[in-house]
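Analysis of the macromolecular model
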Amino acid sequence: MLLQRFLIRLLTMAITLFGVAVVVFVVIRVAPGDPIAMMLPPGATDADIARLRALYGLDRTIVQQFFIWLSGVVRGDFGTSISLRQDVLGLVFNRLPATLELATVALVMAVAIGGTAAILGARERGTAVEAGIDIASGTALSIPDFLWGLVLILLFGVLIPVFDISGRVSPQLNLPFVTQFYLFESILRLRFDLTWDLLKHMLMPAVALALPLAAIISQLLKQSLKEVLDLDYVVLARVKGFSETQVILREALKNAALPTLTLVGVQFTFLIGGTVIVERLFSYEGLGNMAIDAVINRDLPLIQGIVLVFALLFVLINLTVDMMYALLNPRLRHG
Amino acid sequence: MDEARIARRGVGPRLWLAGGWLLLALLAAIFAPLVAPQDPLAQDLMLERLPPFWMSGAEPGYWLGTDSLGRDLLSRLIFGGRIAFIVAFAAAFAACLVGSTLGLIAGYFGGWADRIISRIVDIWMAFPPVLFAILLVAVLGTGLSSVIIAIAVIDWTRFCRVIRAEAMGQSRMDYVENARIAGYDRIGIMLREVLPNVVPSIVALLSLEMGIAVIVEAILSFVNLSISTDDPTWGGIIAEGRLSIHQAWWVLVFPLITLILTVLSFSQFGEALKARFDPVLR
């Protein structure tokens, strides 16, 4: 049953990705601007233009272009960036690690902040502490990451300048890295001076991305904790003499976490979507920042590649969460 | 019951505060030429980066200070509100119309209609929304109508998902079955029986969506892809403020406060309306 569920999900995933590819392709090809005209110096002859159009396959019909592009994509060939004149897949892989690291740090922070708030709120249910947590999470949820980013820039970049508000790493540093996973590699190489510098750059964009998700986690987890805390087995643990915190951590959390998990999956994709503008705001050299440049430069192959990679990431996250849910949920596991 | 009463008690001041701010900002935007103390486009290099009124060096008549070109910040915020509210209303209503219609059809009719619409929603959910918006505006060309279309094209799914679920729940209720037995046709039942019951959700989502539309417009003008004219926008002012943050913090602070208040008000307003309409809470 688990395998069947997995295969069905895999099929719908393929359909979704195909749909994304079609939509991106159609949207981009109806663009009125001519990307070729922007690549050539003034005074280029018609023959030059035609040659370049043929080189990028722009002289075929739109359906032909789509299938030429798609068969390339399936083989891992995303084409050549028009503005940067480099292989699209190479460019994407060069930037993707920066975005993944940022999103992962943000996710960890969201779970830590939201989880703590939920446990605290459930323990102090019915008191002013819970009311305070509710107000804080309501506010954190209503204000989007873009605005949180600006608030943080003002607070910790200008008013109390403790963190960096621009870039991924201090430019004067000598980086010994062979991969683009700077944070991960700095820890492996025990270069904690570099880790600290990276974190100082990453902290504020990560908090901006984490706050709305932390709010959702705190609200949902607190709700399920409060429901579980009234169940017999939890009451029994309390009678056995465990403190309320112990009861929550040892007995309630495991069963209350499941509904939160499914939601975190979808919300994590929203968080990754938010990296596009938050990276821009903090001049963080990730995929999203490059995507905006690609759109402004009308770099069609690069935009297609980036959007498709984002979409792939989103469906993979949803698939993973779905499978984790199936594995953790006893009713589905033994069904 | 207790929770309902608490929710009800909280509605009053929240609704008034949120509604009050939105009304104030809306009226200021509508009557901008009468209310704004200065011409929002007038540059004066003698007046560049004036601080707000309570600081030394401030000039009378430039209450919130000026930007790096000597343009009055308060007047630019008031005029920027025009774009923000036009986009908020137009984009939210367009997204609502498309999303609610498709959601109602998918939820009430089910079957193939539901399968196709749900698959399209899935595809839409696989796009990073901000990137999709930027891409659409770049393709459509900058301008007010492009911004509105882009937001509607992206955000209809928010309405579709919620209304689909609600319509699905409603269509299983007895009264819908009774109407069917009584001989009403299915479209008639959908419009006369199911639709009125999902209206509270639509209204709440609409208010929420207006806040989202204001943000998306600000993001688009922040990356310089909103309207193409010189007219001030909140996001455009924020972009200027981000650049001169160390010289003139007020150019970033005041549009940011304006945006936060507006977004919070729209979401609070939506929740309050929902609580008021919701028969369970009422």
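The next thing to look at is the overall build of chain A. Summing up its helical and strand segments, chain A has 14 helices and 0 strands in all. Starting at the N terminus and walking to the C terminus, you meet the elements of chain A as α-α-α-α-α-α-α-α-α-α-α-α-α-α. Seen through its principal axes, chain A has C-alpha atoms that stretch 85 × 55 × 40 Å. Looking at the 335 residues of chain A, the share that counts as buried comes to 38%. Here the contacts in chain A between residues at least 6 apart in sequence split such that 74% fall between residues at least 24 apart.

Next up on the list: the overall build of chain B. What chain B contains, in helices and strands, is 10 helices and 0 strands. N-terminal to C-terminal, the α/β element order of chain B is α-α-α-α-α-α-α-α-α-α. The principal-axis extents of the C-alpha atoms in chain B amount to approximately 75 × 45 × 30 Å. In chain B, buried positions account for 48% of the 282 residues.

Here we take up the interface of chain B and chain A. Contact residues are listed per partner, giving 30 residues for chain B and 35 residues for chain A. If you list the elements that add at least two residues to the side of chain B that touches chain A, you get helix 4 (111–125), helix 5 (129–140), helix 8 (186–222) and helix 10 (250–277) of chain B. By residue class, the composition of the side of chain B that touches chain A is 25 nonpolar, 3 polar and 2 charged.

Right, let's get into the environment of A:Trp148. Residues and elements named next belong to chain A. With respect to the element layout, tryptophan 148 can be found in helix 7 (residues 145–159). Along the sequence, tryptophan 148 and leucine 211 sit 63 residues apart, while their C-alpha atoms lie 8.0 Å from each other. Sequence-distant contacts of tryptophan 148, defined by excluding residues within four places in its chain, comprise Ile143, Ala208 and Leu211.

To continue, consider unusual backbone geometry. A positive phi is found at A:Arg85, a non-glycine position, where the angle reads about 55 degrees. For A:Arg85, a count of 8 C-beta atoms within 10 Å gives the class exposed.

Looking now at the packing of helix 1 (residues 2–29) of chain A against helix 13 (residues 300–328) of chain A. All names here are of chain A. Packing of helix 1 against helix 13 brings their axes to within 10 Å, and their N-to-C directions diverge by 160 degrees. Between helix 1 and helix 13, the angle falls in the class roughly antiparallel. You can see that helix 1 and helix 13 cross each other, and the crossing is right-handed. Taken together, the residues of helix 13 that come into contact with helix 1 (itself represented by Leu2, Arg5, Phe6, Arg9, Met13, Thr16, Leu17, Val20, Ala21, Val24, Phe25 and Ile28) are Leu300, Ile303, Gln304, Val307, Leu308, Ala311, Leu312, Val315, Leu319, Asp322, Met323 and Ala326. Taken together, the residues that form the contact of helix 1 with helix 13 break down as 19 nonpolar, 2 polar and 3 charged.

All right, on to the environment of A:Val307 then. When you line up the elements, A:Val307 lands in helix 13. C-alpha of A:Val307 to C-alpha of A:Ala21: the two residues are 286 residues apart in sequence and 8.6 Å apart in space.

In this model, chain A carries a mean pLDDT of 86, and residues with pLDDT of at least 70 account for 94%. Highest mean pLDDT in chain A belongs to helix 5 (residues 88–123) of chain A (94); lowest belongs to helix 2 (residues 35–39) of chain A (62).

So, on to the environment of A:Asp145. Residues and elements named next belong to chain A. Among the structural elements, aspartate 145 can be located in helix 7. According to the C-beta neighbour criterion, aspartate 145 is buried, with 26 such atoms within 10 Å. Along the chain, aspartate 145 and glutamate 185 lie 40 residues apart, while their C-alpha atoms are 28 Å from each other. With residues near it in sequence (within four places) discarded, aspartate 145 still touches Ala208, Leu209, Pro212, Gly274 and Val278.

Turning our eyes to something else, we now look at the confidence of the model for chain B. Residue and element names in this part refer to chain B. When the pLDDT values of chain B are averaged, the result is 87; 94% of them are 70 or greater. Ranking the elements of chain B by mean pLDDT puts helix 1 (residues 2–30) last, at 76, and helix 3 (residues 73–109) first, at 95. Of the regions scoring below 50 in pLDDT, residues 1–8 engages in 5 contacts with residues more than four places distant in sequence or in other chains. Scored as a complex, the prediction yields pTM 0.88 and ipTM 0.89.

Conventions adopted
Residues numbered from 1 in each chain as written. Chains lettered and ligands numbered in written order. Predicted model: local features only at pLDDT ≥ 70, side-chain atom pairs only at ≥ 80, totals over all residues. Helix = DSSP H or I, 4+ residues; strand = E, 2+ residues; numbered from the N terminus. Buried ≥ 20, exposed ≤ 12 C-beta atoms within 10 Å, placed from the backbone. Contact = placed C-beta atoms within 7 Å. Nonpolar A, V, L, I, M, F, W, Y, C, P; charged D, E, K, R; others polar. Axes fitted to C-alpha atoms, helices over the stretch in contact; angles between N-to-C directions. Parallel < 35°, antiparallel > 145°, perpendicular 65-115°, else oblique. Left-handed = near helix turned anticlockwise from the far one by under 90°. pLDDT = per-residue confidence, 0-100.

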